[in-house]
Amino acid sequence: MTPDIRVQHEAFDPGVECARLEIDNVGAVASFTGLVRGEGGLAALTLEHYPAMTEDALRRIAEDAAGRWSLAGLTVIHRVGRMTPGDRIVFVGAASRHRGDAIDAMHFVIDWLKTDAPFWKREEFADGRSSWVEAREGDITQKKRWA
Amino acid sequence: MTPDIRVQHEAFDPGVECARLEIDNVGAVASFTGLVRGEGGLAALTLEHYPAMTEDALRRIAEDAAGRWSLAGLTVIHRVGRMTPGDRIVFVGAASRHRGDAIDAMHFVIDWLKTDAPFWKREEFADGRSSWVEAREGDITQKKRWA
Amino acid sequence: MAIDLLYFAWIREAIGRDGETVDLPDGVKTVAMLIDWLAERGGGYTEAFVDRSRLRVAVDQEFAGLDASLAGVREIALFPPVTGG
Amino acid sequence: MAIDLLYFAWIREAIGRDGETVDLPDGVKTVAMLIDWLAERGGGYTEAFVDRSRLRVAVDQEFAGLDASLAGVREIALFPPVTGG
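For the structure given in this document, a descriptive report is provided here.

1. Here's the deal with the overall build of chain C
A count of helical and extended segments in chain C gives three helices and five strands. The secondary structure elements of chain C, listed N-terminal to C-terminal, are β-α-β-α-α-β-β-β. Taken over the C-alpha trace, chain C has a radius of gyration of 12 Å; the compact-globule value for 85 residues is 12 Å, and the two agree within 12%. Each principal axis of the C-alpha atoms in chain C carries an extent, and together these give about 35 × 30 × 20 Å. Here chain C holds 85 residues, and 47% of them are scored as buried. Partitioning the contacts of chain C with sequence separation of at least 6, the portion at a separation of at least 24 is 50%.

Right, dumping it as structure tokens:
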């Protein structure tokens, strides 16, 4: 099983990605889609990344998951560039014979992605302000759950 | 938030269901799709249920999840009738502002559905044998995790 | 007292029907007593209820234990542990 | 020794460029020393590195600590804690 890792400007379709994971003998597909929330007057979000490192970082997280759980397929897609409220940012999909493996692997990948993949979010607001999103302490705590 | 509960013979589309959960201010959609695995010569699976009770049982599980986590949407679809390998049996989708709520609620609903919703699976094999699926002890253990 | 019985999965197959309405004898006060009474009928009934550790119950469409009372109950469903999802 | 520096997010904005190639003075042996040396340049550099608890590092495209050695290193990236996903 080779994880399918994509870092792209283009939009993606979670339905298409989930269907692709419905491989022979897969009994369970778990997915996560992260979206831009339009709260607090947010007008746009720009995702910056470290191109030479990003795909390797995602691949490492995905391979770590593949070593911990029995998976038939694993897809990680992360958009970069400018997005607006309602746009999809990130997708993680995992397929397995059993539900526990698929759900835990998906959960693990999104938790680790939050702390171990070189992406940075800049928010632009309707009133013209803009600022870099601060890392959340809770993301570190959440990741440590998997240690 | 009123959970969307469906017990139906018809097939469903996880992509359509996930997209429906992308409501305003939703930052996270988590989904689970359970499929018929064609292992061991399995030719078909028939899902029997207790019609007068099934929807209420699913609604109770969904409302329990809605009480534990902050959710913007929750969809539970379970097919009944005869299905063949590769067919989708069950879908659970949860939408929230944050990923933890969406993923945990989805995980909770599928774990509880396995032990608290009145469905029974009968397997038919290519060689003509057929048998009722035995309940898995692990499903009880898994459910107790949420106590 | 008349009560509706529903059977699912291999309980239904062993008994050979998906339900019936029965008149409960006076002494039958709990689900366990109902099962004892049904099992005495022999044949598929005895077979269906031979292993009670594999038997589950709903009383008026709520999961219940074998010790549940039948007082005022309209519908009892008898079935194996569920296996959906 | 020449080394490529890359800056991301508000580090990049404070410094006003996304990277540069520098010749390391002999005494600069670790990432922390590199940062001290850069901060001495003043202006945006000083501002970018004023709070090192909010600084993260990758050495040749691997996350590393501020104590990482620069021996044989080709590329250092300096950035705030990541916020993707």
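Moving on from the model shown.
2. What to know about helix H2 (residues 31-39) of chain C
Residues and elements named next belong to chain C. For H2, every residue scored as buried is listed here: Val31, Leu34, Ile35, Leu38 and Ala39. Seen end-on, H2 carries its buried residues on one side only, within an arc spanning 130°. Elements in contact with the buried residues of H2: strand S1 (2-7), helix H3 (43-48), strand S3 (56-59) and strand S5 (75-79).

3. Some thoughts on the packing of aromatic side chains
Per the counting criterion, the structure on display carries 20 aromatic pairs over all chains. Centre to centre, the rings of Trp69(A) and Trp146(A) are 5.5 Å apart; their planes meet at 90°, and the pair counts as edge-to-face. On the criterion of sequence distance, the pair formed by Trp69(A) in the loop between helix H2 (51-68) and strand S4 (73-79) and Trp146(A) in the segment after helix H4 (137-144) is long-range, its members being 77 residues apart. For the pair Trp69(A) and Trp146(A), a shared accessibility class is recorded, and that class is buried. Look at Phe108(B) and Trp146(B): their rings are 5.7 Å apart centre to centre, the planes differ by 80°, and that puts the pair in the edge-to-face class. On the criterion of sequence distance, the pair formed by Phe108(B) in helix H3 (residues 99-116) and Trp146(B) in the segment after helix H4 (137-144) is long-range, its members being 38 residues apart. Just as Phe108(B) is buried, Trp146(B) falls in that class too.

About the criteria used
- Residues numbered from 1 in each chain as written.
- Chains lettered and ligands numbered in written order.
- Predicted model: local features only at pLDDT ≥ 70, side-chain atom pairs only at ≥ 80, totals over all residues.
- Heavy atoms only, no water.
- Helix = DSSP H or I, 4+ residues; strand = E, 2+ residues; numbered from the N terminus.
- Rg over C-alpha atoms; globule rule 2.2 N^0.38 Å.
- Buried < 20%, exposed > 50% of the residue type's maximum accessible area, 1.4 Å probe, protein only.
- Contact = heavy atoms within 4.5 Å.
- Arc of directions from axis to C-beta.
- Phe/Tyr/Trp six-rings, centres within 6.5 Å; stacked < 30°, edge-to-face > 60°.

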